[in-house]
Amino acid sequence: MTEIPAAPVPNTPIARRFVGKVAFITGAARGQGRAEALRLAAEGADIIALDLCADIPTTTYAGSTPEDLAETVRLVEKLDRRIVARQADTRDYDAVKATVDAGVAELGRLDVVIANAGMTTGARAWEIDAEHWKTTIDINLTGAFHTAKAAIPTMIEQATGGSITFTSSVAGLVGLPFLADYVSAKHGVTGLSKTLANELAEYRIRVNSVHPYGVQTGLAMTEINDLIGANPALGPLYMGSLPDGISQADDIAAAVAWIASDEARHVTGIQLPVDLGRTNR
């Protein structure tokens, strides 16, 4: 079978869909969060950026750092946009609310929320210990809830509409093996998004979730590969349809930028897969 090379990321002109708007993004120090901050800044948005900037004991990969967040700040400012960045834990509602309040006080408003912060690890469901389960649920689901809860009152008070986008996952739509805690959390995020879409529609605040498959961010989860290797019958459950094999952070940022923009003004309550065809298999 002929090997098909990976498709390059399209070098398309950047629109200006967020001029005069402010976006709050969690997990913004690196990876998808940084890509989303830079994409929206390139389209005219000012940014409120939050990240934990610390290792998470239950993961096998290193956490983001204050230097990573500082680099996001530098890159946004290079685009001639303003940014308010804070090191905070989305599990701490008061810290998230303080970040939102500080950003709105300096930047003047809030139009777009991207609840992106998350983490994962891998194990058989019955081997997940209580600490891993709680950490995964708290960061991926409770942290997303705190992000929305902190932002929504300001958006309602402004009475100018807006959008909230949750980063869920293919794991928020299907039962990927070896990720029971993550699958549970991301299914919860999907449900939270759908409920908020109904509750906030009257305020013209749209709420959607985006569902990536694999994204190349440099965070290697070797335990998943080991588990698939030991259980090859389950390997096909991780396969997409398109030959690229993995998405880039910019691919996810482009999808988020569209669904958060006024071009998608009549789109709310959907689950948008950016998954190389995985959920269609």
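From a predicted model like this one, the values you see are computed outputs, not experimental measurements. (Residues numbered from 1 in each chain as written. Predicted model: local features only at pLDDT ≥ 70, side-chain atom pairs only at ≥ 80, totals over all residues. Heavy atoms only, no water.)

Engineer: Teacher, can you tell me more about the side chain of Thr 135 here?
Structural biologist: Counting through the fold element by element, Thr 135 comes out in helix α4 (residues 130-158). Looking at Thr 135, the relative accessible area reads 12%, which means it is buried. Not counting the four nearest positions on each side in its chain, Thr 135 is found in contact with Ile 56, Thr 58, Arg 91 and Met 119. (Helix = DSSP H or I, 4+ residues; strand = E, 2+ residues; numbered from the N terminus. Buried < 20%, exposed > 50% of the residue type's maximum accessible area, 1.4 Å probe, protein only. Contact = heavy atoms within 4.5 Å.)

Engineer: What's the story with the packing of aromatic side chains in this structure? I'm lost.
Structural biologist: Here the distance between the centres and the angle between the planes together describe a pair of aromatic rings. Using the criterion set out here, one finds zero aromatic pairs in the structure. Over the ring of Tyr 93 we find Lys 149; its NZ or CZ atom is 5.5 Å from the centre of that ring. (Phe/Tyr/Trp six-rings, centres within 6.5 Å; stacked < 30°, edge-to-face > 60°. Lys NZ or Arg CZ within 6 Å of the ring centre and 35° of its normal.)

Engineer: I keep staring at the pattern of salt bridges and nothing clicks. Help me out?
Structural biologist: As a working rule, side chains carrying opposite charge can pair if their charged atoms are close by. In total, this model carries twelve salt bridges according to the counting rule given. In this structure, Arg 91 engages Asp 89 in a salt bridge whose closest nitrogen and oxygen atoms are separated by 2.8 Å. One salt bridge in this structure joins Asp 101 and Lys 97, with 2.9 Å as the shortest N-O distance. You can see Asp 101 and its partner Lys 97 sitting in helix α3 (residues 93-107), four residues apart, about one turn around the helix. In the salt-bridge network here, residues are joined through shared partners; they are Arg 17, Arg 39, Glu 43 and Glu 263. (Salt bridge = Lys/Arg side-chain N within 4 Å of Asp/Glu carboxyl O.)

Engineer: Could you clarify how one ought to interpret helix α6 (residues 222-230) in this entry?
Structural biologist: Since the α-helix advances by 3.6 residues per turn, residues separated by three or four positions end up pointing in the same direction. For α6, the set of buried residues is Glu 223, Ile 224 and Leu 227. Looking straight down α6, one finds its buried side chains confined to an arc of 100 degrees; they lie on one side. When the buried face of α6 is taken as reference, the exposed residues oriented beyond 90 degrees from it are Asn 225, Asp 226 and Gly 229. (Arc of directions from axis to C-beta.)

Engineer: Help me understand the packing of helix α1 (residues 31-42) against helix α2 (residues 66-78), please; the structure alone is not making it clear to me.
Structural biologist: Packed helix pairs are characterised by how far apart their axes lie and by the angle those axes make with each other. The geometry of α1 relative to α2 is characterised by a closest axis approach of 10 Å and an angle of 15 degrees between their N-to-C directions. Relative to α2, α1 is oriented roughly parallel. Crossing of α1 over α2 shows right-handed handedness. Along the contact surface, α1 presents Arg 34, Ala 37, Leu 38 and Ala 41, while α2 presents Asp 68, Glu 71, Thr 72, Leu 75 and Val 76. (Axes fitted to C-alpha atoms, helices over the stretch in contact; angles between N-to-C directions. Parallel < 35°, antiparallel > 145°, perpendicular 65-115°, else oblique. Left-handed = near helix turned anticlockwise from the far one by under 90°.)

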